[in-house]
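Analysis of the macromolecular model
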Amino acid sequence: MKISKIALKNKSLLVNKCLINGKWVGSKKTFKVHNPSTGDLIAEIPDLGKKETSAAIDAAEKAFYLWSKVPAIERSKILKNWHKLVVENADDIAKILTTEQGKPLSDAKGEMNYAISFIEWFAEEAKRIYGDIMPDPIKNKRLMALKQPVGVCAAITPWNFPAAMITRKCAPGFAAGCTFVIKPAEQTPLTAIALVKLAEDAGFPKGVINIVTSLEPEEIGAEITSNIKIRKISFTGSTEVGRILMKQSAPTLKKLSLELGGCAPFIVFEDANLDHAVQGLMLGKFRNGGQACVSPNRIYVQEKIYNTFVKKFVIEVKKLVVGDGMAAKSTMGPLIDERAILKVQDHIKDAVKKGATVETGGKPHKLGGNFFEPTVLSNVTKKMKCASEETFGPLAPFIKFKTEQEVIAYANSTDFGLASYFFSKDIARIWRVAEAIESGMVGVNTGLYANSGAHLPFGGVKQSGFGREGSRYGIDDYLEIKALSFGNIE
Ligand code: ADP
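Not measured: the values here are computed from a predicted model.

1. Observations regarding the site of the ligand
The local shell around the ligand holds 17 residues, among which T157, W159, K183, E186 and S238 are the closest. Contacts to the ligand include W159, whose side-chain N or O atom sits 3.2 Å from an oxygen atom. Elements with a contribution of two residues or more to the shell around the ligand: helix 7 (217-226), strand 10 (230-236) and helix 8 (239-249). A total of 3 residues in the shell around the ligand trace back to one element, the largest contributor, which is helix 7.

In structure tokens, the structure reads:
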């Protein structure tokens, strides 16, 4: 199969090698990257293993002793260079992203803006890593707390936001003085490599940023988790793999930030502005074809407005244009692969068997391949899989509820706790519900988090993981607190 070209202004962004210790390395063993819209082959990428991962970790460790001592202001400058280069090349990286991931080009550009916001934010935060001086406990003593970088970090990232998940982890880490080995998802390595290429151009010293690509994530994961030199892993992906990484990291007691699966409730109360709620749900649910850990997974609508709301929503869903992400009119791209299609189909089949009604969609799209129809199900009950498991696809299941108390219990009846959303105009209710919902993030009268950029702390509770990315808290995961106790000062 011939490699199909991506039309880029800056051709140097398309690299089929990995950066280890400042050198771009290839491999005889490679794996193929395909465009999920067309099935075209777009690249052959090194299929690396334990040996190369270990070499990348050694390089990152060596670089750590230098990078962590670079003054914060200098680290900030290099991050600003990276920011500038990513901004200049954002349209090209968005094209790479759409070609390997499938989302519409406008969404890929939106993701680039989101990704860029983390580099900008943490370039600034590098200069604000403050410590504390404690009040003297006893005479002749002075106490201080110093913040220092954690050490060598690994970033293991998913395919659904292949640009933002790199910058959301690496930018705060670099700002703190950490070095990285990145392992991107096998479906979307090209976006990650392009960002690494620009980091190299920006002037990060050799070994500070390394990337290894592989078709055998278990082998890379085993090396990362068992290697004593890795002090921290930041992972975004499934709860299942998060558990594996945590278990494997136990013998070397690594720090972990895990941003895992969700099962987000989206609640519409009868006092809500229904048009805003419809808009919010459209944005939240169908962005990236529902392939987002914060995607509304279960939609609860109060009984009085249930029929009206479902009708209004279906009208909007029918306006979605499914197609190749590169086509200007497409508003929803393909799913990532066949496995994703099978999961959505399984959830629909299970729901219909148990009494749900298909309001629109319900089957693979006539375009074939990985395309699926945006789907709305009504009469959904909590017994159905789609009401308790993450679908990760373009399926909106509607469940009717009567009271606030009842819907809070529904919303919290899950092991997950990443995102949740509700719409209401009653200020007292807004406070009550926002405080009662068990999730790391709550959208009140909004269906989107990403448009807040790096300002918002992002992360979950319960089995959606722990750690926070972005915001002024995002750098804490990459810092250790060292206590200094001074005696005999008089
Ligand atoms: P998904 O099911 O959506 O692909 P995963 O959690 O499997 O999500 O993948 C997220 C990231 O984790 C990807 O980069 C993938 O290669 C990586 N990964 C999968 N399994 C392992 C593993 N056992 N060890 C380390 N990384 C893994």
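From this point on, the discussion continues.
2. Let's talk about the side chain of E100
Mapped onto the fold, E100 is located in helix 3 (residues 90-101). No salt bridge is formed by the buried E100. Its closest oppositely charged neighbour is K103, at 10.0 Å. Filtering out sequence-adjacent residues up to four positions away, E100 remains in contact with V33, H34, P36, I42, Q187, T188, P189, L190, T191 and I336.

3. A few points about the sheet that holds strand 20 (residues 479-486)
Taken in spatial order, the 3 strands of this open sheet run 5-6-20, and their pairing is antiparallel. For this open sheet the edge positions go to strand 5 (132-134) and strand 20, each flanked by a neighbour on one side alone. Averaged over all neighbouring strand pairs, the angle between strand axes comes to 25°, with direction disregarded. Here 3 bridges tie strand 5 to strand 6 (residues 142-149), and the two strands are oriented antiparallel to one another. By the bridge assignment for strand 6, I133 is matched with M144.

4. Some words on the packing of aromatic side chains
Counted under the stated rule, the structure contains 19 aromatic pairs. A ring pair is formed by F266 and Y421, whose centres lie 5.6 Å apart and whose planes are at 35°; its orientation type is tilted. With F266 in strand 12 (residues 264-268) and Y421 in strand 17 (residues 419-423), this pair connects stretches of sequence that are 155 residues apart. Summarising the aromatic geometry, the rings of F286 and F313 are spaced 6.1 Å apart at their centres and angled 20° between planes, so their arrangement reads as stacked.

5. A few points about the side chain of T360
Relative to the helices and strands, T360 resides in strand 14 (residues 357-360). Setting aside its immediate chain neighbours within four residues, T360 contacts V314, V317, K318, P374, T375 and V376.

6. Observations concerning the confidence of the model for the protein
Considering every residue of the protein, the mean pLDDT works out to 97; 100% of them sit at 70 or more. Mean pLDDT across the elements of the protein bottoms out in strand 5 (95) and peaks in strand 8 (residues 179-183) (99).

7. Observations concerning the pattern of salt bridges
Pairs can form between side chains of opposite charge once their charged atoms are near each other. Considering all chains together, one arrives at 28 salt bridges under this definition. Across the pair D58 and K229 runs a salt bridge, and its minimum N-O distance is 2.6 Å. Remark: K229 occurs in the loop between helix 7 and strand 10 and D58 occurs in helix 1 (residues 50-67); sequence separation between them is 171 residues. When its relative accessible area of 28% is taken as the criterion, K229 is described as partly exposed. One salt bridge in this structure joins K385 and D346, with 2.8 Å as the shortest N-O distance. A residue pair is termed long-range when its members are at least 10 positions apart, and K385 in the loop between strand 15 (375-378) and strand 16 (395-401) and D346 in helix 11 (residues 338-353) qualify at 39 residues. The structure contains a network of salt bridges with shared partners spanning K80, E124, E125, K127 and R128.

8. Describing the domain arrangement of the protein
Domain boundaries in the protein define domain 1 (11-260 + 467-483) and domain 2 (264-453). Computed from C-alpha atoms alone, the centre-to-centre distance between domain 1 and domain 2 is 31 Å. Taken together, the two surfaces of domain 1 and domain 2 that pack against each other cover about 1,800 Å², and 61% of this comes from carbon and sulfur. Inspection of the region where domain 1 meets domain 2 yields 0 salt bridges. Here domain 1 and domain 2 share 5 residue pairs in polar contact (both at pLDDT 80 or more) between them. When residues of the side of domain 1 that touches domain 2 are traced back to their parent elements, those giving at least two are helix 3 and helix 4 (105-125). Looking at side-chain class alone, the side of domain 1 that touches domain 2 contains 8 nonpolar, 10 polar and 6 charged residues.

What counts, and at which threshold
- Residues numbered from 1 in each chain as written.
- Predicted model: local features only at pLDDT ≥ 70, side-chain atom pairs only at ≥ 80, totals over all residues.
- Heavy atoms only, no water.
- Near = heavy atom within 4 Å.
- Polar contact = N/O pair within 3.5 Å; in protein donor to acceptor, adjacent residues only side chain to side chain.
- Helix = DSSP H or I, 4+ residues; strand = E, 2+ residues; numbered from the N terminus.
- Buried < 20%, exposed > 50% of the residue type's maximum accessible area, 1.4 Å probe, protein only.
- Lys, Arg positive; Asp, Glu negative; His and termini not counted.
- Salt bridge = Lys/Arg side-chain N within 4 Å of Asp/Glu carboxyl O.
- Contact = heavy atoms within 4.5 Å.
- Pairing = 2+ DSSP bridges.
- Axes fitted to C-alpha atoms, helices over the stretch in contact; angles between N-to-C directions.
- Phe/Tyr/Trp six-rings, centres within 6.5 Å; stacked < 30°, edge-to-face > 60°.
- pLDDT = per-residue confidence, 0-100.
- Domains from an automatic or database assignment.
- Buried area = accessible area lost by both parts, 1.4 Å probe.
- Nonpolar A, V, L, I, M, F, W, Y, C, P; charged D, E, K, R; others polar.

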